[in-house]
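Spelled out from the first residue to the last, the chains are:
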Amino acid sequence: MKRFITFLTLVALLVLAAPVLVLAAKVGQPAPDFTGTASNNQTYHLADYHGKFVVLEWHNNGCPYTQKHYMSGNMQKLQKQWTGQGIVWFTIISSAPGKQGYVDANGENNYMSKMGASPTAALLDPTGAIGHLYDAKTTPQMIVINPQGVIIYDGAIDNRPTDDVKDIPGATNYVNGALGQALSGKPVETAATRPYGCSVKYKGTWF
Amino acid sequence: MRNSIVGLLFFSLFILVLIPLPGARASATTIPHGTVDLVAENQWISPGSQTYFGLNFHLEKGWHIYWVNPGDSGQPPRVAWHLPAGLTSGELEWPAPRRLGTSTIVDFGYDDAVMLLVPVRASPTLSANQAAQLGAELRVLVCREICIPGKAQISLTLPIKSVPPEPDARTSELFAASRKSLPRPAPGSWEFHVSDLKDSFVLTAKLGGKTTRASFFPLEESQIDNSAAQKIVQTPTGFQLTLRKSDQLLHPIERLKGVLELSANQTYLIDVAVGNTQLAR
């Protein structure tokens, strides 16, 4: 009996100690699928874009780091350049209602027309479901998915982690790097970096 | 009558508070949700010697600024010094940080108050009997739930004298407190080893005694997962701490460098070679 209890204890310990299985969104791994409602009221399903490059951009219009790339026109330029080459670009807003950066469909449409933003669509993710699926930590955070559906870049927009517009000229843009290299059949040189910026304002977080 | 005397007393006190102290401490400059001032440890600067200065931050309740490695979001304060010829600033010295956040996003920084230290070296050829104005252009990100970037110009004027520097009693407590919060070099008798496992690094520490608490703050970004729990296992001579690898870490690393915190006032700077051997049992 005592041995049996010891055995049971061991089993229990092993079960408890088993690593929690997380479907990690990670460079080199398949991009987790999602369905999102955009500010244009259409529904977008990531799997429908198999065969194309997809860029994910986490966004919060009140964040100084997001503003750095929008007030300067840098993000809009990237959106125009890459969607012009048939690449799909989703701006994703994971701010919870009441938190900085939260917008409804109208608010986002007005913002995009005012700023001249032209992503394929802006996905409204107030529950944070897509954000958590990709473990998005900051705005802006950028993810590039290749036509096979594999994440080939995850991290910062560029190598200057500041909120200063003056740091944009001369910065190494990692999204351009990843897309440029992948399009010419080369491996992506810098595939993962620390994303910089404001924390994503998820529901339930206090900072 | 009595009321007016009390009023006058308070008024005089108020005026006294408003008069900036000469030397050691300039008046505080406003930053978003806080203040910063530049303070000196010594009463004057001497040619050929080193003097410590402090960037002394005070923040409103709930607001924070960042450590040199900010963690998952945020940005550390940046300083551009404007020093007279003959004075050279060294690297900022950062007190051990606090973990900020409890969710999947964890940052490293300071709330309430913190003082960053900076050594300033005076050239032996610096001429005495003049005043030196030290200036700094500070950029700082202050966050609570949201983040506000701030800028501040701070300065301090100190005399230059040819006699050895003497500490300033007005700032000695402040410097003592700041030094206490700086991570110290680990004692020479302590042994550390880092094993590189598939998903984690295991930091083994032999400190010569049982240790119940330990947490590690990485100095380099993208090495460990900031939000992952750091599992500690006690050993007869120390502990083993499991540090989950960062998803951003795609290549092996040679060293793990950071601050090891054993208790609030026991923080140590460690820099350990990462062994590719299997974990010793």
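A.B. asks: Can you explain the pattern of salt bridges? Please cite residues and give values.
C.D. replies: Residue and element names in this part refer to chain B. Using the criterion set out here, one finds 14 salt bridges over all chains in the structure. Among the salt bridges present, the one from Arg255 reaches Asp271, with a minimum N-O distance of 2.8 Å. One end of the pair, Arg255, is in strand S18 (residues 255-263); the other, Asp271, is in strand S19 (residues 266-275), with 16 residues separating them in the sequence. Look at Arg255 and you get partly exposed, because its relative accessible area is 41%.

A.B. asks: Outline the domain arrangement of chain B, listing residues and values.
C.D. replies: All names here are of chain B. Partitioning chain B into domains gives domain 1 (21-182) and domain 2 (185-279). Once you take the C-alpha centre of each, domain 1 and domain 2 turn out to be 29 Å apart. Counting residues at the interface gives 17 residues for domain 1 and 13 residues for domain 2. Buried surface at the junction of domain 1 and domain 2, summed over both partners, amounts to about 1100 Å²; 55% is from carbon and sulfur atoms. The largest share of the area that domain 1 buries against domain 2 comes from Trp67, Asn69 and Arg99, three residues that together contribute 39% of it. Between domain 1 and domain 2 we count zero salt bridges in total. The tally of links between domain 1 and domain 2 comes to four residue pairs in polar contact (both at pLDDT 80 or more). Of all elements in the fold, only strand S4 (64-71) and strand S7 (98-100) reach the threshold of two or more residues within the side of domain 1 that touches domain 2.

A.B. asks: Can you explain unusual backbone geometry? Please cite residues and give values.
C.D. replies: A:Pro140 follows A:Thr139 through a cis peptide bond whose omega is -10°. Among the secondary structure elements, A:Pro140 is positioned in the loop between strand S6 (138-139) and strand S7 (142-145). Positioned with a positive phi, B:His33 is a non-glycine residue whose angle comes to about 55°. Positionally, B:His33 belongs in the loop between strand S1 (29-31) and strand S2 (34-40). If you check the backbone angles, B:Asp112 has positive phi at about 65° while not being a glycine. Structurally, B:Asp112 can be placed in the loop between strand S8 (107-111) and strand S9 (113-122). A relative accessible area of 55% places B:Asp112 in the exposed class.

Calculation criteria
- Residues numbered from 1 in each chain as written.
- Chains lettered and ligands numbered in written order.
- Predicted model: local features only at pLDDT ≥ 70, side-chain atom pairs only at ≥ 80, totals over all residues.
- Heavy atoms only, no water.
- Salt bridge = Lys/Arg side-chain N within 4 Å of Asp/Glu carboxyl O.
- Helix = DSSP H or I, 4+ residues; strand = E, 2+ residues; numbered from the N terminus.
- Buried < 20%, exposed > 50% of the residue type's maximum accessible area, 1.4 Å probe, protein only.
- Domains from an automatic or database assignment.
- Contact = heavy atoms within 4.5 Å.
- Buried area = accessible area lost by both parts, 1.4 Å probe.
- Polar contact = N/O pair within 3.5 Å; in protein donor to acceptor, adjacent residues only side chain to side chain.

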